[in-house]
Structures are given as C-alpha cells and as structure tokens.
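# Chains, contacts and geometry: an overview
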2 protein chains.
Amino acid sequence: MKKILLLGSTGSIGLSTLDIIRSMPDQFQITGLSVNNNIDRLEEQIKEFKPNSVVVTNEREAEQLRKRIGPLCEVLTGNNGLVEITRQEEYDILLSAIVGFAGLRPTIEAIKRKKRIALANKETLVVAGELIVNLCTEYQAELIPVDSEHSAIFQCLKGEDSNSINKLILTASGGPFLNKSRQELENISIEEALNHPNWKMGNKITIDSATMMNKGLEVIEAFWLFNLPKNKIEVVIHPQSIIHSMVEFIDGSLKAQLSTPDMRLPILYALSYPERYNYNGVSTDFKKIGQLTFFEPNFNKFECLKLAYDAIDEGGTAPCILNAANEIAVEKFLSGKIKFLKIPELIKEALHKIETEKHFNLDSLIKCDFATRELLNNKYS
Amino acid sequence: MKKILLLGSTGSIGLSTLDIIRSMPDQFQITGLSVNNNIDRLEEQIKEFKPNSVVVTNEREAEQLRKRIGPLCEVLTGNNGLVEITRQEEYDILLSAIVGFAGLRPTIEAIKRKKRIALANKETLVVAGELIVNLCTEYQAELIPVDSEHSAIFQCLKGEDSNSINKLILTASGGPFLNKSRQELENISIEEALNHPNWKMGNKITIDSATMMNKGLEVIEAFWLFNLPKNKIEVVIHPQSIIHSMVEFIDGSLKAQLSTPDMRLPILYALSYPERYNYNGVSTDFKKIGQLTFFEPNFNKFECLKLAYDAIDEGGTAPCILNAANEIAVEKFLSGKIKFLKIPELIKEALHKIETEKHFNLDSLIKCDFATRELLNNKYS
C-alpha cells in the first residue's frame with residue numbers, strides 16, 4: 001500500500017490521480033491533499049479519501065472549510081501550509097500537480113525527506129532544474145516524471161543504459177493552431193486558444209500548448225531530467241498525440257511509448273513504478289487509429305518554442321524569467337488584456353530587461369520570479 | 001571481442017550480418033561460415049573474414065572450394081557439416097540464418113554448448129518451439145530473436161516484467177498484395193510476388209510475405225519466444241514497416257520499437273545485447289516519414305495467416321506440417337508449377353492428410369517433415 005500526498009487535487013492532474021486511486025484501493029491511499037480555493041470539491045474529496053491533513057492556500061477559504069468539516073482532518077493554509085504538509089505528513093510519494101512556481105518549495109521539502117517525487121509541476125524543473133537534480137542526488141530521492149512526454153521517455157529508457165541514448169524526440173500535438181498562419185494568429189480569441197484538439201487540461205497549460213511554450217518548457221524539463229545537451233532533444237509535431245515521445249539509441253534503433261492520450265496512464269506509471277499495475281481505464285486500438293503523422297515544427301510561427309531553447313543556452317536564471325514572464329503573459333491573455341501574439345513579446349521583454357544571474361539559490365530564484373512578475377504586472381496594471 | 005559462427009552467410013541476413021561485422025572489427029570476429037552452393041561468394045568471405053572453418057552443404061562444391069583455398073581454412077560438408085561446425089568451432093554466438101528446416105539441428109547443438117543463439121531461422125521455433133524452449137531452459141542458453149518483429153518485442157520488454165504484458169502486436173507490411181482483391185490474386189506472376197514494397201529479402205521469405213504466411217510463422221515464433229496464449233498475439237497491418245512491433249502492458253500503456261526497415265539493426269541488437277553499440281548505418285527521420293498507417297488484416301484473403309493461428313491450437317506436429325507444406329508449395333510456385341492461391345490449398349491438403357502427433361521428439365519431427373514434403377512432391381513430380 002503506497003501512501004500519496006497529492007498537491008493540487010482539484011486540477012486536471014489532481015482529478016485524474018484521484019480517479020486512479022479510487023480504482024485501486026488496495027494499492028494506494030491518500031494521506032494529504034491541497035487546493036487553492038475550491039473547498040466544495042475538496043470537502044467531497046476529504047469525505048471520500050479520508051486524508052490526515054489538507055492545505056487550502058486561500059486563508060479565508062481555509063477558515064470556511066475548518067468550520068464545515070470540524071475534526072475530520074487538519075486544515076493548513078497558505079504557501080507555508082504546502083511546505084508544512086510535505087514536512088509533517090506521512091507519505092511515500094509526493095504527487096506535485098500544483099500549477100506554476102508555487103510547486104517548487106514543497107518539492108524541495110519532499111526531496112529532503114527522501115520521498116519519491118511524481119512531478120507534474122513542470123515549472124519546478126524549468127525554474128530550478130539544477131538545484132532539484134543536485135538535491136535529488138544528495139538525498140537519493142526518486143524523481144519520476146508525470147508529463148506524458150517525459151513519462152514516455154522514462155518508460156523507453158527502462159532497462160537501457162543512459163549512455164546508449166543518441167537523442168530524445170519529444171512529440172507535440174502542435175495545439176489548436178498547427179495549421180493557422182502567423183497572420184491568422186493575430187486575432188485569435190481566448191475560446192479558440194482554449195480548444196485543444198487532443199488533451200483536456202487546465203487553462204494555463206492549454207494556452208501554453210497553443211503557443212507551444214508547453215513544449216518549450218518540456219524541452220527544458222527533459223534537459224534536466226535526462227541530462228542531455230539541447231541538440232540531443234528534438235521536437236516533432238505529431239497531431240494525434242498517440243506516440244507520447246521517443247528515444248533514439250546509438251545503434252540507430254528507436255523506442256516509443258504510445259497510448260490513447262489520457263493522463264491517467266503516466267500518473268499511474270509514476271505511482272506504480274517500477275511495477276505496472278493492472279488497469280483497464282484506457283484502451284488503444286491501432287486498427288481504429290488508422291494513421292499517425294509527423295511534421296517539423298515551425299519555429300517562426302511558434303516563437304515561444306525557440307525562446308525556450310535559447311533559455312537553455314543562456315542558463316542561470318533565464319528559464320526562471322522565461323517561466324514567470326510566460327505565466328503572467330498567459331494570465332493577461334486569458335483576462336483579455338493582451339493579444340495572443342503578444343505572449344512571446346512580453347517574454348522577450350522580460351528576458352531583455354531582467355538581468356540573468358549565472359549562479360543562484362532558492363532565494364535568488366524567488367526574487368527573480370518576483371521581479372519578472374512585477375515588471376509585467378506593472379505594465380498592465 | 002565476440003566470436004560469431006554465422007550459418008547461411010551468402011543469404012540476405014548473412015550478408016547484412018557480415019556488413020555489421022565488417023564495420024565493427026573491434027567488437028566482432030567471424031570464426032565460422034556456411035553456404036549451400038555459392039562458393040565464389042564464400043571464397044571472398046573467407047579471404048576477408050578469415051574463419052577457422054566453413055561448411056558447404058553441397059558436397060561437390062565443397063570439394064571444389066577445398067581445391068581452391070587449400071589450407072586457408074577447414075571445409076566441412078553436408079547437413080552433418082552444419083552439426084559438426086556448431087559442435088567443434090569456437091564461438092560465443094551462433095547466428096543461424098539458414099532458410100528452412102535445416103537450421104534446426106545446428107541450433108540444438110549450439111544450445112547444448114550453452115551458446116547464445118541469435119535466431120533468424122524462424123522455422124526452428126515454428127517446427128520445434130517446445131523442444132527448443134525446453135532445451136534453452138535446461139542448458140541455460142540465451143535465445144535472442146533476429147526477426148525484426150521479435151527483436152522489436154524483445155527490445156520493448158527490456159527492463160519490463162513478463163507478467164506485465166497484456167498483448168503483443170506484430171506489425172505486418174501486408175506485402176505487395178495488400179490492396180489486391182482475392183480475385184486479383186488468382187493470376188499473380190512470380191515477379192509480382194517477389195516485388196516486396198519495403199524489405200529486400202530472400203525469395204522464400206518474400207513469397208511468405210506476399211501470402212502473409214511469414215506473419216503466420218512469426219505468430220507461432222512469438223508464441224514460443226514470449227510464452228503467451230495465441231489470443232494475446234495480434235497482427236496489425238502497417239504498410240510502412242517503421243514500427244517493427246509493439247507490446248501492450250497491463251496498465252494500458254504500449255511500447256514500440258521503430259526504425260527505417262533494415263535488418264542490420266535487429267542483427268546488431270542480437271549480437272550486442274544487452275548493450276547497444278554505436279552504429280551509423282541506418283537513420284530514421286520522422287519529419288520525412290510523414291505518416292504511419294494501420295489496418296486490420298484480412299484473414300479471408302490471407303488464408304495462410306489463419307492456417308498458422310489454427311496450427312497453434314492443433315499443436316504437436318501441426319506447425320511442422322504447416323511449415324514443410326509451405327516450403328514445398330512456395331518452391332512449386334517459384335518454379336511455375338502452381339498458382340499463387342494454390343499455396344494455402346496445398347498446406348491445407350497436407351494438414352488434412354498427414355496425421356498430427358501430440359508428442360514428438362527430433363526424430364519424429366524429421367519424419368513428419370519428410371512425409372509432408374514427399375506427399376506434396378509426389379503430387380507434382
């Protein structure tokens with residue numbers, strides 16, 4: 001029986017995780033949950049999964065929940081609550097599905113406790129890859145990717161020597177705008193950008209998928225997870241999202257991991273690894289799939305992808321600036337304050353105006369993150 | 001440095017094997033070779049690879065070669081020569097690329113010497129799967145598949161628990177007649193049948209590919225290699241031959257092994273396993289491949305595939321009869337004595353007329369093989 005601390009339990013990844021855990025009561029047990037605001041949903045989850053403690057980052061909502069549930073479970077609050085629960089709760093695996101920078105500190109706490117990290121929060125590695133990878137080595141904590149692309153690569157590498165990798169091929173659906181010209185992207189509406197062809201995900205990541213920044217962040221994530229130079233991490237457009245990614249080996253052979261796109265599969269793998277558990281929730285029929293296609297990505301149209309590759313070269317706090325600027329830019333787009341093509345412009349502006357530091361620690365990352373957000377927020381306040 | 005005994009050195013697999021070995025002189029060394037008749041080619045190979053001994057199964061040609069090369073290397077002859085060379089030669093790996101039933105006895109000898117068997121001779125497992133698998137267990141000999149489909153599955157299973165397999169999906173190009181109706185197959189010429197769209201192979205296997213008996217034999221081979229019931233071995237048509245086969249796991253996830261179709265890759269893997277060696281001979285560019293397609297196979301049009309599945313159920317010597325009848329039927333087709341659609345008819349006739357034995361040993365297999373060939377040869381003598 002594996003004990004799971006699930007941070008971000010009402011988001012898309014959180015709900016898929018609970019769906020898996022619901023179907024495997026003999027394998028998994030929830031010991032902690034967290035939400036930002038959605039205490040109605042959390043209350044249902046508490047009643048169903050009976051965690052020892054939960055976090056509601058919004059303090060007013062936390063107070064509200066305490067009144068409703070009484071002594072049923074402990075309710076912590078704030079970003080400190082997230083750190084506290086990872087420090088004090090009993091668990092084998094932290095599944096970190098918090099969106100954005102807020103996932104970083106709890107992840108570090110769990111690493112220091114030598115827990116397995118099932119990482120769905122890609123910002124953790126994008127912003128602080130070097131820090132996290134070094135901490136995992138120091139504390140011998142396992143870092144298992146939940147992103148479907150990185151899970152695919154992780155699965156393809158099982159039993160293989162890391163020295164036999166020639167390159168990683170991250171597949172990208174290309175998002176809803178694959179076949180639109182750059183000009184057509186000028187006046188894209190929020191609804192069009194939120195209409196992803198294959199994956200049902202949260203709003204932030206769906207916009208990242210439309211700009212292809214999502215793939216850019218994944219390239220940076222792969223860079224840290226698999227310890228390869230960026231010219232060995234390739235992106236190929238594969239609109240059907242059936243092949244989740246591939247590894248090419250030094251002998252010329254490739255392996256791919258495939259399935260109907262459904263996040264429950266990589267989540268389950270991150271929890272069950274190194275084993276595979278019996279699960280019938282997702283099926284894949286190649287006779288019905290019919291065809292899989294592949295294209296080269298257009299770096300001119302999807303500038304965010306190029307900015308991400310550049311941030312790897314720049315190194316230091318550049319990916320932190322890239323990530324923070326992107327979070328704010330997406331927020332501004334979703335609230336109707338900027339147009340779609342303004343997203344990469346804001347990121348470039350931030351990368352230009354905020355100075356990159358080569359050497360950093362958690363504090364300087366927090367400062368860099370804050371400075372970037374402030375710069376762009378002030379612009380549109 | 002691994003020492004290789006290569007049986008069948010002038011066939012398509014043999015030449016590809018020598019091409020690999022030529023490019024890796026620090027990794028591999030040839031200690032023995034064999035051919036049926038082609039002593040001109042063998043003479044060149046002897047001069048290039050300097051084996052200790054060779055076999056020429058045709059005795060007259062063997063005598064001829066002895067005169068030509070003098071003391072350069074020992075020349076054995078006949079089917080007994082094949083057994084002798086596997087018994088006496090020094091080698092780490094037997095690569096058995098002999099076509100048909102003749103590959104069985106040398107394979108058994110190598111197993112008894114606890115050598116690694118790199119198996120390109122699929123008839124060995126089709127005819128005597130139970131015998132071979134039991135001998136490998138008894139003598140702790142490694143059996144590594146060379147067929148691209150089985151190599152793909154073998155590679156996908158690396159690091160995975162065999163209990164976590166849900167099913168194997170063997171891909172089939174569908175051969176040159178994928179889009180022809182059964183009626184159009186009536187008057188197929190030998191040239192049309194030998195014109196395979198993706199793979200350059202020997203004549204026998206190319207016709208087997210056109211009838212899809214090749215895939216049928218591979219289903220039987222997979223049945224023995226991976227120890228799974230036949231309903232867990234599926235065939236899917238994939239005309240581009242890029243995905244060489246797939247494994248579906250119990251959690252719903254799949255793995256595939258892929259590359260440009262080139263037998264040098266599975267050959268190299270069977271030789272280098274468990275490592276992968278650096279090799280640049282074959283490259284795969286997904287951006288150029290464009291698309292991969294998948295269809296259900298038509299068991300009515302490709303009756304041979306159905307006959308192979310049925311032979312698994314029948315068990316005992318049924319696959320031996322199937323294989324021998326197919327060899328003769330293909331021979332008759334290639335010599336213009338029967339039409340293409342007569343191939344499955346002859347196999348059905350043999351399966352009907354020759355009695356299947358449930359329990360068998362090598363001697364009864366040899367008898368069964370002989371009886372089947374005699375039956376069909378007499379019919380067209």
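Residues numbered from 1 in each chain as written. Chains lettered and ligands numbered in written order. Predicted model: local features only at pLDDT ≥ 70, side-chain atom pairs only at ≥ 80, totals over all residues. Heavy atoms only, no water.

With that out of the way, let us pick up the environment of Glu90 of chain B. Residue and element names in this part refer to chain B. Turning to its location among the elements, Glu90 is positioned in the loop between helix H4 (78–88) and strand E5 (93–96). Remark: the alpha-carbon pair of Glu90 and Leu5, spanning 85 residues in sequence, is separated by 8.1 Å. When residues no more than four places from it in sequence are discounted, the contact partners of Glu90 are Lys3 and Thr31. Of note is the side chain of Glu90, whose polar atom sits 2.9 Å from the side chain of Lys3. (Helix = DSSP H or I, 4+ residues; strand = E, 2+ residues; numbered from the N terminus. Contact = heavy atoms within 4.5 Å. Polar contact = N/O pair within 3.5 Å; in protein donor to acceptor, adjacent residues only side chain to side chain.)

This part takes up unusual backbone geometry. The peptide bond linking Tyr273 of chain A to Pro274 of chain A adopts the cis configuration, its omega dihedral lying at 5°. Within the secondary structure, Pro274 of chain A sits in the loop between helix H12 (264–272) and helix H13 (286–289). Residue Met212 of chain A is not a glycine yet carries a positive backbone phi of 70°. Here the phi dihedral of Asn227 of chain B falls at roughly 55°; this positive angle occurs in a residue that is not glycine. Inspection of the secondary structure puts Asn227 of chain B in the loop between helix H11 (213–226) and strand E9 (233–237). With a relative accessible area of 68%, Asn227 of chain B lands in the exposed category. (Buried < 20%, exposed > 50% of the residue type's maximum accessible area, 1.4 Å probe, protein only.)

The transformation that overlays chain A on chain B combines an axial shift of 0.0 Å with a rotation of 180°, and the residual RMSD is 0.0 Å. The transformation just described matches what one would write down for a two-fold rotation axis. Closest to the rotation axis within chain A is the C-alpha of Gly159 of chain A, separated from it by 1.9 Å. A high fraction, 100%, of the interface residues of chain A reappear at the interface in chain B, so the copies pair face to face through one surface. (Least-squares fit on C-alpha atoms with pLDDT ≥ 70 in both.)

Right, let's talk about helix H16 (residues 342–353) of chain B for a bit. Residue and element names in this part refer to chain B. Between its first and last C-alpha atoms H16 spans 16 Å; for 12 residues at 1.5 Å apiece the expected length is 16 Å, and the two agree. Considered for burial, the residues of H16 that qualify are Ile343, Pro344, Leu346, Ile347, Glu349 and Ala350. In this structure, the buried side of H16 is in contact with helix H10 (203–211), H11, helix H14 (303–314), helix H15 (318–334) and helix H17 (362–379). (Expected span 1.5 Å × (residues − 1).)

What follows is about the side chain of Ser209 of chain B. Residues and elements named next belong to chain B. Examined against the element boundaries, Ser209 turns out to sit in helix H10. A residue is classified by how much of its surface remains accessible, and Ser209, at 8% relative accessible area, is buried. Beyond its immediate chain neighbours, meaning those up to four positions away, Ser209 contacts Ser173, Gly175, His196, Met201 and Asn214.

All names here are of chain A. An ideal rise of 1.5 Å per residue puts 16 Å on 12 residues; helix H14 (residues 303–314) measures up with 16 Å between its terminal C-alpha atoms. The complete set of buried residues in H14 reads Glu303, Cys304, Leu305, Leu307, Ala308, Tyr309, Ala311 and Ile312. Immediately downstream of H14, the backbone of Gly315 shows phi near 65°, a positive value.

With that settled, consider the interface of chain A and chain B. The interface of chain A with chain B comprises 42 residues on the first partner and 42 residues on the second. Both sides together, the interface formed by chain A and chain B hides about 3,600 Å², and carbon and sulfur atoms give 53% of it. Looking at the side of chain A facing chain B, the largest losses of area belong to Asp251, Arg276 and Lys287 of chain A, adding up to 22% of the total buried there. In this structure, the connection of chain A to chain B is made through 6 salt bridges. Across the salt bridge formed by Arg276 of chain A and Asp251 of chain B, the nearest N and O atoms sit 2.9 Å from each other. Counting every contact that joins chain A to chain B gives 22 residue pairs in polar contact (both at pLDDT 80 or more). Elements that contribute at least two residues to the side of chain A that touches chain B include exactly helix H7 (148–156), strand E9 (233–237), strand E10 (243–249), strand E11 (254–258), H12, H13 and strand E12 (291–293) of chain A. Of all the elements, E11 of chain A adds the most residues to the side of chain A that touches chain B, at 5 residues. (Buried area = accessible area lost by both parts, 1.4 Å probe. Salt bridge = Lys/Arg side-chain N within 4 Å of Asp/Glu carboxyl O.)

In this section: the sheet that holds E11 of chain A. Read from one edge to the other, the open sheet built from 8 strands follows the order E9(A)-E8(A)-E10(A)-E11(A)-E11(B)-E10(B)-E8(B)-E9(B), with strand pairing classed as mixed. Lying at the two open borders of the sheet, with one neighbouring strand each, are E9 of chain A together with E9 of chain B. Averaged over all neighbouring strand pairs, the angle between strand axes comes to 20°, with direction disregarded. Most of the contacts of helix H11 (residues 213–226) of chain A go to strand E8 (residues 165–172) of chain A, to which it runs at about 155°, and overall it touches E8 and E9 of chain A. (Pairing = 2+ DSSP bridges. Axes fitted to C-alpha atoms, helices over the stretch in contact; angles between N-to-C directions.)

To continue, consider the environment of Ile98 of chain B. Residues and elements named next belong to chain B. Inspection of the secondary structure puts Ile98 in the loop between E5 and helix H5 (104–112). With a relative accessible area of 11%, Ile98 lands in the buried category. In this structure the C-alpha to C-alpha distance between Ile98 and Glu123, which are 25 residues apart in sequence, comes to 9.4 Å. Sequence-distant contacts of Ile98, defined by excluding residues within four places in its chain, comprise Leu7, Gly8, Ser34, Leu82, Gly103 and Asn121.

Attention shifts here to the domain arrangement of chain A. Residues and elements named next belong to chain A. For chain A, the assigned domains read domain 1 (2–145) and domain 2 (150–261 + 288–314). For domain 1 versus domain 2, the distance between C-alpha centres works out to 26 Å. Facing 12 residues of domain 1, the contacting portion of domain 2 comprises 15 residues. Buried surface at the junction of domain 1 and domain 2, summed over both partners, amounts to about 1,200 Å²; 73% is from carbon and sulfur atoms. For domain 1, the biggest contributors to the area lost against domain 2 are Lys122, Val126 and Pro145; these three give 49% of the whole. (Domains from an automatic or database assignment.)

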